[in-house]
Amino acid sequence: MSMLNAIEGLVRTMNRASVGIREYFLLLPLFLAAASAQSTAPNQQAPVPYSSANQLNQLLTQLEQVSQSTQVDLAGTRIDRWKTDSNTKRQTQANVESVERNLKTALPDIIGQMRNSPENLAASFKLYRNLDALYDVLSSVVEAAGAFGSKDEFQALDNDFNTIESARRSLAERMQGLAESKETELVQLRTEVRNAQQNVVAAPPKKVIVDDTEPIKRPPAKKKAPARTVPKPSSTAPATGTPAPKPQPPPQ
């Protein structure tokens, strides 16, 4: 549900930002990355189920124990006393040294990676490849011990070989279950993204135009004073009782 909530929240954000359909698909990779980051941000990674973690701890503990016992049994194998030719002895001794280097350096490092990332498929596959290489080389040592070594040498190495084979088989089964779980999560995520895309197409975002330009402030218009009316001169003589002077004729 956290992934779905993250997707829906990002879709709403893109709608408010008026992102078009074309821009939406261009931003889709970032959209998915952001949704994944939002869904796992509080814990950085999804919690590992108890059953899966318990299964892995048992497997890694088994490998650490068989690694120690195999190193002890290889050190106790007296290849120089075998009744065989020198070439077979040299080849078997080289295989023993190869297995010992792997058990002392490579295997502990990969086990540490698996403890840090229990659900990491790449680390799981790396461990499986290493066990597969150990299986092939150790099998030739066990065959040579059965043919030329003592009964005790063969029995000890054969027990170690069978334990490594059992661990390899258990790891393969766990990898298959982990891959199926990751595939289910991927299908669910694709469905959620497809539904989110359909919602965006069905309800295109509303474009909101915001006019952020300030209007030009103009000074208020001055009010014009009313025009004064000048009274027109009257054509009639003023009623004062004094007669108006008669015009004088021009001089002769």
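Refer to the structure presented above.
Residues numbered from 1 in each chain as written. Predicted model: local features only at pLDDT ≥ 70, side-chain atom pairs only at ≥ 80, totals over all residues. Heavy atoms only, no water.

Undergrad: Is there a simple way to think about the overall build of the protein in this case?
TA: Across its full length, the protein carries seven helices and zero strands. Of all 252 residues assigned to the protein, the portion counted as buried reaches 28%. Contacts spanning at least 24 positions in sequence make up 80% of the contacts within the protein whose residues lie at least 6 apart. Approximately 18300 Å² of the protein is accessible, and the part contributed by carbon and sulfur atoms is 55%. (Helix = DSSP H or I, 4+ residues; strand = E, 2+ residues; numbered from the N terminus. Buried < 20%, exposed > 50% of the residue type's maximum accessible area, 1.4 Å probe, protein only. Contact = heavy atoms within 4.5 Å. Areas by Shrake-Rupley, 256 points an atom, 1.4 Å probe, with all protein chains shown as cover.)

Undergrad: Help me understand the pattern of salt bridges in this model?
TA: Side chains that differ in charge, positive against negative, can pair when their charged atoms come close. Summed over the entire model, instances satisfying the criterion amount to six salt bridges. Linking Asp-80 and Arg-78 is a salt bridge whose minimum nitrogen-to-oxygen distance equals 3.5 Å. By relative accessible area, Arg-78 is classed as partly exposed at 37%. Its salt-bridge partner being Arg-174, residue Glu-119 comes within 3.4 Å of it at the nearest N-O pair. With Glu-119 in the loop between helix H5 (86-116) and helix H6 (121-148) and Arg-174 in helix H7 (residues 151-202), this residue pair connects regions lying 55 residues apart in the sequence. Exposure remark for Arg-174: the relative accessible area of 5% places this residue in the buried category. If you follow the salt bridges from partner to partner, you end up with Asp-132, Glu-165, Arg-168 and Arg-169 in one network. (Salt bridge = Lys/Arg side-chain N within 4 Å of Asp/Glu carboxyl O.)

Undergrad: Is there a simple way to think about the environment of Leu-63 in this case?
TA: Looking at the secondary structure, you find Leu-63 in helix H4 (residues 50-75). Sequence-wise, Leu-63 and Pro-108 are 45 residues apart; in three dimensions their C-alpha atoms are separated by 9.3 Å.

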